[in-house]
Structures are given as C-alpha cells and as structure tokens.
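An overview of the molecular structure
If you want the building blocks of each chain, they are given just below.
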Amino acid sequence: MMKMTGKAFAKKLFGTKYERLPRAILICIIVFWGLYIADFQVQVAPFVRILMVSAFTAGVMWQALSSKDNADELKAMLMLPHHSRGFVFSYVAVLGAYAVLTKTGLLLAVLLAVSVWKTIEIIGIVICMIHAVLMAAAVYSLRKYWYAGVLWTAVMSTVILLFGGRPWISLLLLANGMFAVLFLWRADGYAFYQWESKRSYAIRQKKRASMRRYFFRYLACHRNYLFNTAVMWCVALVMPYFLKEIAGLSVVPIGFAVLSLNTPICILLSCDRDLEQAVRFLPGQKRHFCIPYCLFIFLCNMVADVIFLISWQVQNGGITVPLAFGAVFFALQSAELSVMLEWFYPIRNWKIESDLWHHPRKYVVPAVMLLLAGAASAWPLLLYALPVLLAVETVVALGICWR
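Residues numbered from 1 in each chain as written. Predicted model: local features only at pLDDT ≥ 70, side-chain atom pairs only at ≥ 80, totals over all residues. Heavy atoms only, no water.

1. Section: the overall build of the protein
Here is the rule we go by: Per the convention used, a helix needs a DSSP run of H or I reaching at least four residues, while a strand needs a run of E reaching at least two, with both numbered from the N terminus. Here the term buried applies to any residue with accessible area under 20% of the maximum for its type, exposed to any over 50%, and partly exposed to those in between, with areas from a 1.4 Å probe on protein chains only. Throughout, a contact is declared for two residues whenever any of their heavy atoms are within 4.5 Å. Reported accessibility uses the Shrake-Rupley method at a 1.4 Å probe radius. Residues are deemed covered only where the shown protein chains occlude them.
Helices and strands together make up the secondary structure of the protein, namely 19 helices and 0 strands. Relative to its full complement of 403 residues, the protein shows a buried share of 46%. A sequence separation of at least 24 residues applies to 84% of the contacts in the protein between residues at least 6 apart. With the model as given, the accessible surface of the protein reaches about 21,400 Å², and the carbon-plus-sulfur share is 71%.

2. A few points about the nonpolar core
Note on soluble globular proteins: their nonpolar side chains tend to be buried together. Quick reminder of the rule: Joining through side-chain atoms within 4.5 Å is the link that ties buried Ala, Val, Leu, Ile, Met, Phe, Trp, Tyr and Cys residues into a set, and such a set is a nonpolar core.
In terms of nonpolar packing, the biggest core is built from 47 residues, with Met 61, Leu 65, Val 92, Trp 152, Leu 184 and Phe 192 touching the most fellow members. Elements with a minimum of two residues in this core: α1 (2-14), α3 (46-65), α5 (84-114), α6 (119-141), α7 (146-163) and α8 (169-186). In this view, Leu 184 contacts Val 88, Phe 89, Val 92, Leu 134, Ala 137, Ala 138, Ser 141 and Phe 192; residues no more than four positions away in its chain are not counted. The next biggest cluster of nonpolar side chains, apart from the first, holds 27 residues, and it includes Phe 215, Ile 265, Cys 271 and Leu 275.

3. Concerning the pattern of salt bridges
Stated precisely, the cut-off is as follows: A carboxyl oxygen of Asp or Glu within 4 Å of a side-chain nitrogen of Lys or Arg is what we treat as a salt bridge.
Applying the stated rule across the entire model yields 1 salt bridge. Between Arg 49 and Glu 121 there is a salt bridge whose closest N-O contact spans 3.1 Å. Here Arg 49 is found in helix α3, whereas its partner Glu 121 is found in helix α6, with 72 residues between them in sequence. Of the residues examined, Glu 121 reaches a relative accessible area of 25% and is grouped as partly exposed.

4. Thoughts on helix α2 (residues 20-37)
Here is the rule: The span one expects for a helix is its residue count, reduced by one, times 1.5 Å.
Its 18 residues give α2 an end-to-end C-alpha distance of 26 Å, which sits within 8% of 26 Å, the value for a rise of 1.5 Å per residue. Where α2 ends, the next residue or the one after it, Asp 39, has phi of about 55°, a positive value.

5. Examining the side chain of Asn 301
Position of Asn 301 among the secondary structure elements: in helix α15 (residues 285-315). Those residues in contact with Asn 301 that sit more than four places away from it in its chain are Leu 259, Ser 260, Ala 331, Ser 334 and Ala 335.

Structural data, given as structure tokens:
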C-alpha cells in the first residue's frame, strides 16, 4: 500500500512516465558543468552552505505541502483505505524527492561548481537536505501548535548560524532529523490536509463583487503569499546597508529592480485556473481585470520601494526627487510587465504551486528592470526623463487594455 501511494504521488509530481526527473537532473548537470568550466570560484563558508540549503529545501517542501492543488490529490487519497504511517512516510518521501531533485538540485549544482568541497562536506550537505525535508514536514504536521513549530525552527536556525562550521553539526542535524521522524511516526494523513475554513469559503463567494477586494482577500487566504511580501519589505529595509558599499546613490535603481522579484503576487491567473477561465470567458474583462491587477501589484511594489527609500535616507541620506520618480517608474513598469506576462503568457501544465514560484519566467521582469536600472545608474540624467516615460507607458498600457 505504501508503494502504491508513493507511486501515485510520484506520477503526479514527476509525470506519468517520470519524464520530469531526467529533465531536472540534466539541467542540474548542464548548470554545474557550465559554471565549472568557467573556472569561477567563490569562497562560501560551511555554515552559509548549510543555512542556504536548509532554508531553500525547507521552503520548497513547505510550499509543496501547502499547495492547494496537492491538497485536492491528498483528499482523494485519504478517502481510500490506507495505513496511516505508511501513507505519511510515502507522502513525505515523494514530496522530499521532488523538492531536492527538482529545486535544491539547481542550488547544489551552483554551490558545487563555484566552491571547493571535501567529501565529508558533501555527505554533510546530503544529511542537511534530508533533515530539512523531515523537519519541514514535522513542523507542518504541527500547525495546530504553531508556536512550537516556530520555536523549533528558530532554535535550529540559531544553532546553524552559531555552530554551522563545526564538524559535529551533521550529527546534530541527523539527531534532530530522527526527532522529526518521531513526530511523523505519530502523525496521520489528515495532519497534512488543509481543512477549508468558513472564512475562505465566504471570501470565494464574494470574489465577484470587486476585483480590488478579491486581490486583498486572496492574500488573506494565502498567508504564505503575505509572508513572502513581508520578506521583501525586510529586504528593502536592510538592502541600503549593503548597497552603499558598492557605489553610493547610483545603485538605488538596482534596489528598485531587486524589489520587483515578488513572485506570488505576479502569478494570479496562472495559479487560479477558475479565475482565469471566468476572466477570459466574460466580455470586456481585460480592462476590468488587468487595470485593478496592475494597480494592486504597483501598490505592493511601491510599499517596498518606499521602505527602501526611507531606509536609505535614514542610513545614508541623499535621496532626491528624481530618485522618488524612479521608484514610481520601476514599481509601475514591473507591475505592467507582470500583468502583460500573466495575460498573454500564463504558465500552464504545472503540477503544484511550487512549480509556479520557481518557474524561469519569474526572472523575466526583474531582468528587464535590472537592465533599466543599469542604464539609469550609468547615466543618472535618465532619471530626469522618467516622468515623461512614465506618462507615455501608462497611456500605451491603457490603450492595450481597452483595445
């Protein structure tokens, strides 16, 4: 029964013939070999490697566990007769394999290519990935006691920060992984199922009333999206401290470009198939959806940019009116490009929401913003032309929506 359950979830995540698995491994090999022959070397401290791999793997695992599409499959499987422990461990094993092979594998390929590793360190990083998978699953199964999960995560993060370079850290992670197995041993499949609350049902019932209300209610129903937005605001708060060491005020537009990388709010149509069908089916929905959606992304971007500017002014000073116009320009530009990508090129054929968060398309808008930021940094006079460009592109975007 455990083997059948694992195979059912594996076929969903990796394809009916597991075709996504060799493709993911091939991409990791190409990335590793390309960076390796480039002979680009970076010194990465052991505790930084462990922290990066742990946080990334646990984050992907959490996204996979909290995926709404995955919850529907889980509900169907729980209706069938099953052995509780076998079901839990097969479910966690398949999701863990998905997180490690298709997502963490790319990060590991980059780290292996650009830094020197010892054999014992590679073994330690494998233990680190397994530990991250098990701990993320155990904490997720304890959502009812969320404060215990937060405390557990905080303690382990502190331990890795303080003692990540010690030789015995792998043994500690292994012991903590066994501790997580004990929680999973006592859990059942229903601990991983997302029960639908009356609040979320009421929100879905009212989503036709106003697109603006829908966007904010959508965030209220997806707390992980709110968390990602809060993380971007924290990045905006601390980024001036690091950027000031590079080249002063000329790098401020680069900060605006980096803050446009807020993936969850830019994949609304891709992740909600029912909404996309309703929007495309009804007449005149292009402007009724795209304009409020653009304003919503613009508002989220603008909040991050304002935090960034205030933090820069407090720490370094020198913020001018052209830089303020630059914040508006980059926030609106990234919002318009994100909406156009969602409308004309939505992401299809994804398996779970984690595929959307890590799809290569997420880098298109930030890459364009970085090019514009580089031009503005090289030629500061361009900042004075931004108000005119802002007006022109707004008129063009409105024309596209009304056409």
